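# Architecture at a glance
The lines below spell out each chain.
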Amino acid sequence: MLELVTVATITILAVISPGADFAMVTRNSMVISRRAGVLTAVGISMGVLVHVAYSLLGVGLVISRSEMLFGLIKYLGAAYLVWLGVGMLRARPAEPGAATLPPLSDFGALRRGFLTNATNPKTTLFVVSLFTQVVSPRTPLPVQLGYGAFMSLAHLAWFVLVALAFSSVPAQRVVASARHHVERGIGGVLVCLGLTLALASLRQA
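Only a predicted model underlies this, so the values are computations on that prediction, with no experimental measurement involved. (Residues numbered from 1 in each chain as written. Predicted model: local features only at pLDDT ≥ 70, side-chain atom pairs only at ≥ 80, totals over all residues. Heavy atoms only, no water.)

### A closer look at the overall build of the protein
In plain terms, the rule: A run of H or I in DSSP becomes a helix once it reaches four residues, and a run of E becomes a strand once it reaches two; helices and strands are each numbered from the N terminus. Burial classes follow relative accessibility: with a 1.4 Å probe on protein chains only, a residue under 20% of its type's maximum area counts as buried, one over 50% as exposed, and anything between as partly exposed. Should any heavy atoms of two residues lie within 4.5 Å, those residues are considered in contact.
On a plain count of helices and strands, the protein comes out with ten helices and zero strands. If you list the helices and strands of the protein from N to C, you get α-α-α-α-α-α-α-α-α-α. Relative to its full complement of 205 residues, the protein shows a buried share of 44%. Considering only contacts within the protein whose residues lie at least 6 apart along the sequence, 87% involve residues at least 24 apart.

### What about the nonpolar core?
Keep this limit in mind: We call a set of buried residues a nonpolar core when its members are Ala, Val, Leu, Ile, Met, Phe, Trp, Tyr or Cys and they connect through side-chain atoms within 4.5 Å of each other.
If you look at the biggest cluster of nonpolar residues, it comprises 16 residues, and the most contacted ones within it are Met24, Val31, Leu84, Met88, Val182, Ile186 and Leu190. Taken together, the elements giving at least two residues each to this core come down to α2 (20–31), α3 (34–56), α5 (67–89) and α10 (179–204). One finds Val48, Phe131, Val135 and Met151 within the second-largest nonpolar core, a separate group that totals eleven residues.

### Digging into the side chain of His51
Let me state the cut-off plainly: As used in this structure description, the phrase polar contact means that two N or O atoms lie within 3.5 Å; if the pair is within protein, one of them must be able to donate a hydrogen and the other to accept it, and residues adjacent in sequence are counted only when both atoms belong to side chains.
You can see His51 is positioned in helix α3. On the accessibility criterion, His51 (1% relative accessible area) is buried. Among the polar contacts listed, one links the side chain of His51 to the side chain of Tyr54, at a separation of 2.7 Å. What His51 contacts, discounting residues up to four positions off in sequence, is Asn117, Ala118, Asn120, Thr123, Thr124 and Val127.

### Things to note about empty space enclosed by the protein
Note the cut-off: Each cavity reported here is a set of points on a 1 Å grid over the protein atoms alone in which a 1.4 Å probe fits but cannot get out, each pocket an open set with protein on both sides within 12 Å along at least five of seven lines, and each lining residue one with an atom within 4 Å of a point. Grid points are joined across faces, edges and corners, and a volume is the space filled by probe spheres set on the points.
Throughout the structure, instances matching the rule amount to one cavity of 30 Å³ or more. Taken as a whole, the largest cavity holds about 30 Å³ of empty space. Secondary-structure elements contributing two or more residues to the lining of the largest cavity are α1 (2–16) and α7 (121–134). Among the elements that line the lining of the largest cavity, the one with the most residues is α7, at three residues.

### Overview of the packing of α2 against helix α6 (residues 106–118)
Heads up, the condition is: Think of each axis as a best-fit line through the C-alpha atoms, taken over the contacting stretch in the case of a helix, with angles from 0 to 180 degrees between the N-to-C directions. Small angles under 35 degrees read as roughly parallel and large ones over 145 as roughly antiparallel, with 65 to 115 read as roughly perpendicular and the rest as oblique. The handedness criterion is simple: a crossing whose near helix is rotated anticlockwise from the far helix by less than a right angle is left-handed, and one whose near helix is rotated clockwise is right-handed. When residue character is reported, Ala, Val, Leu, Ile, Met, Phe, Trp, Tyr, Cys and Pro are called nonpolar, Asp, Glu, Lys and Arg charged, and the others, Gly included, polar.
It is the contact of α2 with α6, at a shortest axis distance of 9 Å, that shows an interaxial angle of 165°. Our classification of the angle between α2 and α6 gives roughly antiparallel. Judged by the twist between their axes, the crossing of α2 over α6 is right-handed. Here Ala20, Asp21, Met24, Arg27 and Asn28 of α2 lie close against α6, whose contacting residues are Arg112, Thr116 and Asn117. The class makeup of the residues in the contact of α2 with α6 is two nonpolar, three polar and three charged.

### Focus on the packing of aromatic side chains
Rule in force here: Stacked, tilted and edge-to-face are the three classes applied to pairs of Phe, Tyr and Trp rings, where Trp contributes its six-membered ring and a pair requires centres within 6.5 Å; stacked means planes under 30 degrees apart, edge-to-face means over 60, and tilted covers the rest.
Applying the stated criterion across every chain yields a total of one aromatic pair. With a centroid separation of 6.0 Å and an interplanar angle of 90°, the aromatic rings of Phe22 and Phe166 are classed as edge-to-face. Of this pair, Phe22 sits in helix α2 while Phe166 is found in helix α8 (residues 141–166), placing the two residues 144 residues apart along the sequence. Residue classification places Phe166 among the partly exposed positions, given a relative accessible area of 27%.

### Quick notes on the packing of α3 against α7
Between α3 and α7, the shortest axis-to-axis distance is 9 Å and the interhelical angle comes to 35°. Viewed along their axes, α3 and α7 form a crossing whose handedness is right-handed. Residues Val48, His51, Val52, Tyr54, Ser55 and Leu56 of α3 form the contact with α7, whose participating residues are Thr123, Thr124, Val127, Val128 and Phe131. Its residues placed into classes, the contact of α3 with α7 shows seven nonpolar, four polar and no charged.

In structure tokens, the structure reads:
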């Protein structure tokens, strides 16, 4: 019971802590569409399963004990964030009468959400730490699979709520005349997150 409560508590705290995943869902919901935001949330929940899968296979233990491997994961995550952010910083004002940016395909929204969390060092550390430090090796595999499913569903539920909130009518009214500023602001946040992550990794090397 203690293990279950610990896993649930840490998962909820990790899910609601702001990060690249929150920024991406917010951006897609506010400046593109509610559908794009929700599909990004689905992609994020799928990205969590990548970390769960390799943790269950024992790779998470290798990552937790290898500074070089975890450092590489951080650099890849940082590069992806900077790449996304730079693209957003180049956003231009919409044409007169245009309500949103050009639509993002369903697959594109899923892919962005998936890659954001599959390359997210915060998610890597969170999932790996749970499976190597909290979940006992004696915990039955079906229970461990249940933990993984809960982690993924918790991300899905939270970020769908975020998508619904930031694509609501009041939110759309706020950004109606300044979508490109919102886009650039979120892009700047992603670039800063990526650079901060890369610099922190360099200091630890």
